[in-house]
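# Survey of secondary and tertiary structure
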Amino acid sequence: MSQAEGAAGAAGEPAEGAGGGAAVRKGAVRNPFRTFGILRSECATTLRRWRTLALLGVLAAVPVLIGIAVRIETADGSSVGAGGGEGGPAFLSQVTNNGLFLVFAALAATLPVFLPMAVGVIAGDAIAGEANAGTLRYLLVAPAGRTRLLLAKYAATLGFCLVATLVVAASALAVGALLFPVGEVTTISGTTIGFGEGLVRAGLVAVCVAASLTGFAALGLFVSTLTNSGIAAMAATVGLLITVQIVDTIPQLSAVHPYLFPHHWLSFSDLLRDPVRWDGVVKNLELQALYAAVFGSAAWARFTTKDITT
């Protein structure tokens, strides 16, 4: 079944030609459950694609590689060579003492590159991929509305952000428990919390990491409305990610760093303090909300006025 047919089925209407679009749209207003049907169809379609499954497989493999590398390096009783920072290296140095820290180390390792690149592929292909495949017109006719379709695409992308983050966290937790001891967690502040509370903190970190990708997802969706080529949209989105990451490392441009969407991504480390420091986390979430609002509005303005010919 094509995505156009799936969306039409979820909406409760068969896919029709342009002549029946007005009737479908009129009926859509009377059916408040149709939006949920469109969203369900988009999420199912996104998550069952082979490309999506391949991306999730790669993300799941990263914690496995990190865990095996740490296990091999510490096989002779030596410690992991780590810096003094509080980001990924500091978490990595704690993995041998507690496998739960592999969750934090894996998320810190995948967040700057692997996770956003995967999100960039999904977001960049959301609209442009449908246009390139020739199914966009049918999606617009059957579910009756560009705004609903755009919101469903964005929600499906956000769903992928959460699923991808949880896949990394679950893989890291399984590998960490298999290769290293688990138990009480020593926080960055030096205090000790129970393993159960440590799991709760790990869950909060995973949710925070997923939320950190919402602004970039909106940016990718906007790029996807600018072209009819899915490959071009994905490449442009990933290119923007790399460019912004480079700008964020240039000291001479420090004045703009706080306004770049990846600048506060590693603020989730503050969730491992006792007590938790929320300032950095809140700044990150506020910045992501701003990016989502700005580029989400830009995507809506572009998509609702775009001439759909394919």
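Residues numbered from 1 in each chain as written. Predicted model: local features only at pLDDT ≥ 70, side-chain atom pairs only at ≥ 80, totals over all residues. Heavy atoms only, no water.

### Considering the pattern of salt bridges
With the rule as written, the count across this model stands at four salt bridges. Ionic pairing is found between Arg51 and Asp125, a salt bridge with its closest N-O pair at 2.6 Å. With a gap of 74 residues between them, Arg51 in helix 4 (residues 50–73) and Asp125 in helix 7 (residues 114–133) connect regions that are remote in the sequence. With a relative accessible area of 32%, Arg51 lands in the partly exposed category. Judged by relative accessible area, Asp125 falls into the buried class, the value being 9%. Ionic pairing is found between Asp270 and Arg273, a salt bridge with its closest N-O pair at 2.9 Å. Here Asp270 matches Arg273 in class, with each residue buried. When salt bridges that share partners are traced, they join Arg49, Arg51 and Asp125 into one network. (Salt bridge = Lys/Arg side-chain N within 4 Å of Asp/Glu carboxyl O. Helix = DSSP H or I, 4+ residues; strand = E, 2+ residues; numbered from the N terminus. Buried < 20%, exposed > 50% of the residue type's maximum accessible area, 1.4 Å probe, protein only.)

### Section: the environment of Phe160
With respect to the secondary-structure elements, Phe160 resides in helix 9 (residues 146–179). Sequence spacing of Phe160 and Ile122 is 38 residues, and the spatial spacing of their C-alpha atoms is 8.0 Å. Apart from the residues within four sequence positions on either side, Phe160 is in contact with Leu47, Thr52, Leu55, Leu56, Ala118, Val119 and Ile122. (Contact = heavy atoms within 4.5 Å.)

### Describing a nonpolar patch on the surface
Taken together, the side chains of Val64, Ile68 and Ile72 make up a nonpolar region of the molecular surface, amounting to roughly 250 Å² of accessible area. Secondary-structure assignment places Val64 in helix 4. Among the residues examined, Val64 registers a relative accessible area of 31% and is labelled partly exposed. (Patch = residues over 30% accessible without salt bridge, like charges linked within 9 Å, V, L, I, M, F, W, Y side chains within 5 Å. Areas by Shrake-Rupley, 256 points an atom, 1.4 Å probe, with all protein chains shown as cover.)

Bear in mind that shape data such as this cannot, by itself, settle questions of function.
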